[in-house]
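Read off the chains here:
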Amino acid sequence: MTVLVFTLLVWLGSAIAGFLGALTGLGGGVVIVPLLTLVFGVDIRYAIGASLVSVIATSSGAAAAYVREGYTNIRIGMFLEIATTLGALVGAFLAARVSTGVIGIIFGLMLIYSAYVSARPQPEITLSEKPDAWGEKLRMNGSYPSLKGEQPYQVYRVPAGFGLMFGAGTLSGLLGIGSGAMKVLAMDQIMKIPFKVSTTTSNFMIGVTAAASAGVYLKRGFIEPGLAMPVMLGVLAGSMLGAKILVRTRTKVLRVIFALVIVAMGIEMIFNALTGRL
């Protein structure tokens, strides 16, 4: 395979990953790393480095559109980024001290869990419960546009969501993903934020979390420009397209298909890690 063909294939795969990541709020990293390691035979640490760069591009491409459409809650994102950034630094520190096999197993399990979060039905959100005191103090409650007009929502259990965000940031730094599954879980299930707001705010946060750990990977030489550039450009193009489609369509079927794909990738990643192929 020539360098040109390799670059074009990486760009195409990255564009698909960015598109799916923007639609689901999970980030393209859950597809990029297994794509590079399992399909193209890239060392997992370099794949993680390229993925971190692409995750920053995903956030830059999709988040701007989401903010413009009025879905992203910037106050929630900025507050929770404190926890994810600290966690990302811890994860990047651990990455150099954990074997590639262990990282592969953790990544595979994270893929399977991400599929579960992506595919399961989303619960109905009501305003019957008393909102969290922290949410009111920080003015996190808001509204988002829908076919029925502006829909108000309240934020619950802010401290619990903040703690889970630290874990999401640690996984981001360790695995080179946006850890959108845990971010969406924290906001959607724990803090009871509507799904579209959770998804868009997750994309808004992903770039800051990845930037914190990308610097560590760059210093250690795990970011190869020739690999990171086509990945970044592909994910950026795909995420911008996905952002435009998300605000206009339901993504239930796509989320199920995406879940099946990453479950298969997760199983293969774990198998390769256990058999010493990573």
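This text gives an overview of the structure that appears in the document. Source: prediction; values computed, not measured.

Structural notes on the packing of aromatic side chains
Piece 1. Applying the stated criterion across every chain, the model contains five aromatic pairs.
Piece 2. Relative to Phe222, the ring of Tyr46 has its centre 5.7 Å away and its plane inclined at 85°; by these criteria the two rings are edge-to-face. Within this pair, whereas Tyr46 is found in helix 3 (residues 44-69), its partner Phe222 is found in the loop between helix 9 (195-219) and helix 10 (225-246), the two being separated by 176 residues in sequence.
Piece 3. Relative accessible area serves as the criterion here: at 32%, Tyr46 is assigned to the partly exposed category.
Piece 4. Consider the rings of Tyr144 and Tyr153, whose centres lie 6.3 Å apart with planes at 45°: the pair is tilted.
Piece 5. Grouping aromatic residues by their ring pairs yields a cluster made of Tyr46, Tyr217 and Phe222.
Piece 6. Over the aromatic face of Trp134 sits the side chain of Lys137, whose NZ or CZ is 5.6 Å from the ring centroid.
Piece 7. A cation sits over an aromatic face here: Lys192 above Tyr156, 5.7 Å from the ring centre.

Points about unusual backbone geometry
Piece 1. One non-glycine residue, Arg139, adopts positive backbone phi at about 55°.
Piece 2. Locating Arg139 in the fold gives a position in the loop between helix 6 (133-137) and strand 1 (142-144).
Piece 3. The exposed category is assigned to Arg139, whose relative accessible area is 56%.
Piece 4. Of note, the phi angle at Arg157 is positive, near 45°, even though the residue is not glycine.
Piece 5. Mapped onto the secondary structure, Arg157 falls in the loop between strand 2 (151-153) and helix 7 (158-175).

Details of the nonpolar core
Piece 1. Residues Val33, Leu36, Ile48, Tyr217 and Val231 are the most contacted members of the largest nonpolar core, which totals 38 residues.
Piece 2. Of all elements in the fold, only helix 1 (3-24), helix 2 (29-39), helix 3, helix 4 (74-95), helix 5 (100-119), helix 9, helix 10 and helix 11 (252-274) reach the threshold of two or more residues within this core.
Piece 3. Sequence-distant contacts of Leu36, that is, excluding residues within four places in its chain, are made with Val10, Gly41, Val42, Ala47, Ala50, Leu227 and Val231.

Here we look at a nonpolar patch on the surface
Piece 1. There is a patch of nonpolar side chains on the surface, built from Ile82, Leu86, Val90, Phe93, Leu94 and Phe166 and spanning about 500 Å² of accessible area.
Piece 2. It is helix 4 that contributes the most residues to the nonpolar patch, five residues altogether.
Piece 3. Looking at the element boundaries, Ile82 is found in helix 4.

Cut-offs and rules
- Residues numbered from 1 in each chain as written.
- Predicted model: local features only at pLDDT ≥ 70, side-chain atom pairs only at ≥ 80, totals over all residues.
- Heavy atoms only, no water.
- Phe/Tyr/Trp six-rings, centres within 6.5 Å; stacked < 30°, edge-to-face > 60°.
- Helix = DSSP H or I, 4+ residues; strand = E, 2+ residues; numbered from the N terminus.
- Buried < 20%, exposed > 50% of the residue type's maximum accessible area, 1.4 Å probe, protein only.
- Lys NZ or Arg CZ within 6 Å of the ring centre and 35° of its normal.
- Core = buried A, V, L, I, M, F, W, Y, C linked by side-chain atoms within 4.5 Å.
- Contact = heavy atoms within 4.5 Å.
- Patch = residues over 30% accessible without salt bridge, like charges linked within 9 Å, V, L, I, M, F, W, Y side chains within 5 Å.
- Areas by Shrake-Rupley, 256 points an atom, 1.4 Å probe, with all protein chains shown as cover.
- Salt bridge = Lys/Arg side-chain N within 4 Å of Asp/Glu carboxyl O.

Read these as layout, nothing more, since geometry by itself doesn't imply function.
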